[in-house]
Structure formats: C-alpha cells, structure tokens
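# Tertiary structure, described
What follows is the residue order along each chain.
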Amino acid sequence: AQRMGGEQDPPLVGTGWFPGITPEDFGAGKAWLDDIISPALIVNEAHVRHNVKTVIGKVGGPNRWRPHLKTTKMKWVWRILIEEGVRNFKVATTKEAEAMIQLVHEMLSLKDTVDVLVAYPLVGPNLRALGRLTQTPGASQIKLSVLVECDRAIDDVVVLDCGIGVFIDINPGMDRTGLAYNRDGEAQHSSKDVLELIIKAKSRNVFRGIHYYEGHISECMAERDGLSPKQSILKEKLDARELKCLRCYDRLIPIFHESLKDGKPSACGEIEIITSGTPGFTHALRYSMFRIITLTDQLMRGSPVDRSEEAKLSDSIYHGIHRVSPGTVVFHDWRGERQNPGLGLKPAAVVMARVVSNPRAGMVTLDCGSKSIAAEAGDPAGYVIGYPEVTARSCSEEHMPCSVTELAESSGKRKRGATDPWQSKNRGEVCFVVPEHICPTVNLADEVVVIPEGSSEIEVRRVDARGHHLRLEDIQV
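What counts, and at which threshold
- Residues numbered from 1 in each chain as written.
- Predicted model: local features only at pLDDT ≥ 70, side-chain atom pairs only at ≥ 80, totals over all residues.
- Heavy atoms only, no water.
- Helix = DSSP H or I, 4+ residues; strand = E, 2+ residues; numbered from the N terminus.
- Buried < 20%, exposed > 50% of the residue type's maximum accessible area, 1.4 Å probe, protein only.
- Areas by Shrake-Rupley, 256 points an atom, 1.4 Å probe, with all protein chains shown as cover.
- 1 Å grid on protein atoms, 1.4 Å probe; cavity = no way out; pocket = protein on both sides within 12 Å on 5 of 7 lines; lining within 4 Å.
- Points joined across faces, edges and corners; volume = space filled by probe spheres on them.
- Nonpolar A, V, L, I, M, F, W, Y, C, P; charged D, E, K, R; others polar.
- Salt bridge = Lys/Arg side-chain N within 4 Å of Asp/Glu carboxyl O.
- Pairing = 2+ DSSP bridges.
- Core = buried A, V, L, I, M, F, W, Y, C linked by side-chain atoms within 4.5 Å.
- Contact = heavy atoms within 4.5 Å.
- Axes fitted to C-alpha atoms, helices over the stretch in contact; angles between N-to-C directions.
- Parallel < 35°, antiparallel > 145°, perpendicular 65-115°, else oblique.
- Phe/Tyr/Trp six-rings, centres within 6.5 Å; stacked < 30°, edge-to-face > 60°.
- Lys NZ or Arg CZ within 6 Å of the ring centre and 35° of its normal.

In terms of regular secondary structure, the protein chain is built from 11 helices and 18 strands. The burial tally for the protein chain puts 53% of its 477 residues in the buried class. Per element, the accessible surface of the protein chain, about 20,700 Å² overall, is 49% carbon and sulfur.

Shown next, in the form of structure tokens:
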C-alpha cells in the first residue's frame, strides 16, 4: 500500500523514476515529431487531467484547493481546473491574473464567481496594474485580492477603491515575504502587531484572510540518484517533515483564532487561511485547523469540549476555510516526485531534446540548456525518461551535457565507465526530459506542443501568461 505524500513500495523508488511513463507518452515514434524543432515543451493532456482529478481526490474536493497558476500559465489548462469544480486560485503576476479574467469572460456558460489571489506584495505601478484589471471585460466575475504585510500596504489597496481584498501575509520562516511573527522565539512583531493589521483591514472592509506559505519545509523524501532508503527510514523522514509543518501551523493558531473570533464572515466573504505548496500540502490536510480553533475557544469560555473526530466543520461557530495551494502538481516534475512519492501523479510536461554531440566516451550532450529548462533548482536539471543510466550535468545556456553509466541488473547501484549504450545512438536522437522544476520551465516557452486526450493530432498552443506586463497601458480596459 502507498501512503499519501509518503513512502512507495521499494521497487518503485529504484533507479528508474516514473514507472509506467514512457517516451511514447510524449510522441516518441510519431511522424509529427520529425517536424518539431528542439528543444520544445510537450504537454500530455491526459496526464494533466489525471493529475487534476488525483489532487482533488487527495484534498477532499475542489473547494479545499487553491492551485497556484504560476506553474501552468495556460488558459486551456485552467479551463480543465474550472470544469472540475475549482473556483479559487493563486497567481504571481498581473499577467496571470489578466489571463484568468479573459478565460472567465470567454466561458459564457460559467456563472460562478472565480476567486484569484495575487500571492505577491505588489507595490507602485504593479499594484495599480491590478486595479486597472478590475476595469477589464470579465473582471466583474472575478474576486481579486493581494498580499499585504504592513499598514501602508493596506492603505495602498484601500486608495484604489476597486473592490480588491487583502490577505495578511505572515512569514513562517521562509524569509521571503510576510510579517515576521512567532518564529521560534525570534519574533520581530508581536501578536498585537498582527492583530492590529487584521483589525485595520477589517475596518476598511478589505480583509479576506491569512496567507502562510511554509515553502522552506521542502525536504525531498527520496534522492536524485534513485537510491531509496529503506521503507522505515523513508517513513522517518516523512514524519520529521510533517512534525516541522505541524509545529509551524501551531504557531499560527492564536492569530487565526483572533481573526475569526467575531463569529461572522468578513465583508469580503468567509475568512480563509491559505497554506502549503507542493511539499507540505499533504501534511496540512491532516491538520484540523478549525477543529483546533473551536476547541481553543471552548476551553477559553469554559464550555464542554467536543473532541470527537466526527465533529462537523459546518457546526463550528466560525465562518472560514483552510485551503492548500500546490500548483506544481498539475504538471508534476522530478522534484515533486521526490518530495511526495506515492501521490500517483504523472509528469505531464516534458522538454523534448535531441542528442547533438558525443564529446567523449561516457558522455552525450542534449540541446536543452538553461534557456529551455529551468536550472535554478540545481543539478541535474532534469531526468531523461526511459534512460536511468543518463545523468544530466550542469547546463549551459543551450547545452545539457549528460554522463552515461552502466546499471547493474539487480542491485540498482550505478557502475561507471564500462559499456556506453548511448555511444551507438545517432546524432539527432530524440529524448524527453522531466524538469527538476517545471514552473520556470513553462515560462521559458512561447508555445507548447499539446497531445490532446483521445486524439491522434497534436496542437500548438500559446503560453498565455508568460512574462510580465511592461506598461499600464498594455492592459486594455
């Protein structure tokens, strides 16, 4: 049996990653591949749909999921999410927000409001660009919000006077953005400081909730070399990461309790807490945020405490919801596979590359460098499907040198040197690389090749939300 976000059966964590996934899933052997210039990003729609359904099943329904759209950046993918019932999203840029507004405007049969949080502390013209988006066609069906971490940021949103809400961004220890609060006794701000921001946002009718992204707790459960620890050690690593996440959430409870204690929804709707990207979301799902808050309140009021696991969240005196926000899971990548082995996700977007050189014995070079596959996550930048003996080395701009090893048949350990099965490969040989980090990889492509589900024909589709807006007037109102 496999545990969500946990260990796999040992044979499935061996030297060959992504069991059951083959080059044929991305067009190997098809005639159309001969006309596609490499490097190219190829997306398997059936895998996308599989991943979306899988994640919705894991989180307990589409309303618990606020996927981050920075990964996928394409309206056709977002349409799949909406069709599956997802209505709440995160984005990182105004261009992504604009593309979602356009999609909602195009979906004439969609009557629901779609909620979009720009999960970024926008300042200056960037924030004004978000305000300008509220005047574009389709924006009336979108509920927009943005992250804030100080008084002035709230004032800036209020001055826009265009219906944008705010989430108070709290730094859980990632030290990227957010108000530093209650981090292992090193708080730069007290709970009073955080509560004052909440009270101010409520008084201005812009408060939506709390954003608490614990992305620094992101340990991989398995290693890049494919050598898995014993199942007991894997479980120990998983439990250690989960404990870090749960302690992180515990520190948030007093603030979240205070933000809900008036017992009624905010002017902008139910109060929400957003946590967890791909590494931590499985742990967050096992943390009963509202039940703990309810128990805390019962204890404070001296009321009898209902500790039954069956207590319904709808019976709580609070109006709120805890959502998780993984985005990588829609396309999946090599790092995500190692962070959460056992989820049953499939790589949906890969870089198609070709062999361009055999620079020496035991090495080949592919034509996908850091301008076509993300390299910021470290080496190797990707995994070559179907060739566990090939290990990518440091990319340059247009090249991915790879070392080739001989694999022992039974042990799973690598033995370097001897036979080089790729030396007989011709220049121009096609291979498919699962990126270590898919999100910035998608942003490197202008267009992608899509293999539609149930069709023998490919389609070329635009990466709608690639890059950033440059000028305010680029947003057409």
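Having put the structure on the table, let's press on.
Moving on: the layout of surface pockets. By volume, the largest pocket amounts to about 1,200 Å³. Along the walls of the largest pocket sit 50 residues, with H68, K70, A92, Y120 and R176 positioned nearest its centre. Of all the elements in the fold, those that place two or more residues in the lining of the largest pocket are helix 3 (94–106), helix 4 (124–133), strand 5 (165–171), helix 10 (334–339) and helix 11 (438–443). By residue class, the composition of the lining of the largest pocket is 19 nonpolar, 21 polar and 10 charged.

Let us now look at the pattern of salt bridges. By the definition in use, this model includes 22 salt bridges. K200 is paired through a salt bridge with D151; the nearest N and O atoms lie 3.7 Å apart. Here K200, found in helix 6 (residues 191–203), pairs with D151, found in helix 5 (residues 151–160); they are 49 residues apart in sequence, far enough to count as distant. Assessed through its relative accessible area of 14%, K200 is described here as buried. Here R208 and E272 are joined by a salt bridge, their closest N and O atoms 4.0 Å apart. Of the two residues, R208 sits in strand 7 (residues 207–212) while E272 sits in strand 8 (residues 271–275), which places them 64 residues apart along the sequence. Residues R208 and E272 agree in their burial class; the two are buried. It is possible to trace a salt-bridge network through shared partners that takes in R66, D115, R208, E272 and R323.

We now examine the pairing of strand 1 (residues 40–44). The buried fraction of strand 1 is high, at five of five residues. Neither face of strand 1 is left uncovered, since the one carrying A40, I42 and N44 and the one carrying L41 and V43 both have all their residues buried. Inspection of the sheet shows strand 1 paired to strand 10 (residues 349–357) by four bridges, in the antiparallel sense. Each bridged residue has a counterpart across the sheet, and for V43 the counterpart in strand 10 is A349. The pairing of strand 1 with strand 17 (residues 447–451) spans three bridges and is classified as parallel. In the sheet register, V43 faces strand 17, and the bridge partner there is V450.

This paragraph deals with the environment of H399. Looking at where H399 falls in the secondary structure, it is placed in the loop between strand 13 (390–392) and strand 14 (400–407). Remark: the alpha-carbon pair of H399 and S372, spanning 27 residues in sequence, is separated by 9.6 Å.

Glancing now at the nonpolar core. In terms of nonpolar packing, the biggest core is built from 107 residues, with V48, W65, M100, V146, F331, L366 and M400 touching the most fellow members. Ranked by residue count, the leading element in this core is helix 7 (residues 231–260), at seven residues. W65 has contacts with V52, V55, I56, V59, L81, V86, N88, V324, P326, V329 and V330, leaving out every residue within four places of it along the chain. F18, I21, F26 and A222 belong to the second largest nonpolar core, which has 20 residues in total.

Another aspect to go through is empty space enclosed by the protein. Under the criterion given, the structure shown has two cavities of 30 Å³ or more. Its volume calculated, the largest cavity comes out at about 40 Å³. Lining the largest cavity we find T278, T328, V329, H332, D333, G336, N340, L343 and L345. Its residues assigned to classes, the lining of the largest cavity shows three nonpolar, five polar and one charged.

It is the contact of helix 5 with helix 6, at a shortest axis distance of 10 Å, that shows an interaxial angle of 10°. Considered as vectors, helix 5 and helix 6 are oriented roughly parallel to each other. Only L197, K200 and A201 of helix 6 make contact with helix 5, whose side of the interface consists of D151, I154 and D155. Of the residues belonging to the contact of helix 5 with helix 6, the class tally is three nonpolar, no polar and three charged.

Our focus in this paragraph is unusual backbone geometry. S38 connects to P39 through a cis peptide bond whose omega is 0°. With respect to the element layout, P39 can be found in the segment before strand 1. With an omega of -5°, the peptide bond between D379 and P380 qualifies as cis. Although it is not a glycine, N205 sits at a positive phi angle of roughly 60°.

Another aspect to go through is the packing of aromatic side chains. The full count for this structure, using the stated rule, is five aromatic pairs. Ring centres of F26 and F432 lie 6.3 Å apart, and the angle between their planes is 35°; this geometry places the pair in the tilted category. Of this pair, F26 sits in the segment before strand 1 while F432 is found in strand 16 (residues 430–435), placing the two residues 406 residues apart along the sequence. What makes F26 buried here is its relative accessible area of 0%. The class for F432 is buried, based on a relative accessible area of 2%. Relative to Y383, the ring of W334 has its centre 5.5 Å away and its plane inclined at 45°; by these criteria the two rings are tilted. Pair noted here: W334 is in helix 10 and Y383 is in strand 12 (residues 382–384), with a separation of 49 residues, a long-range link. Each member of the aromatic cluster is reached from another via a ring pair, and the members are W17, F18, W334 and Y383. The ring of W76 carries the charged tip of R461 above its face, separated from the ring centre by 4.6 Å.

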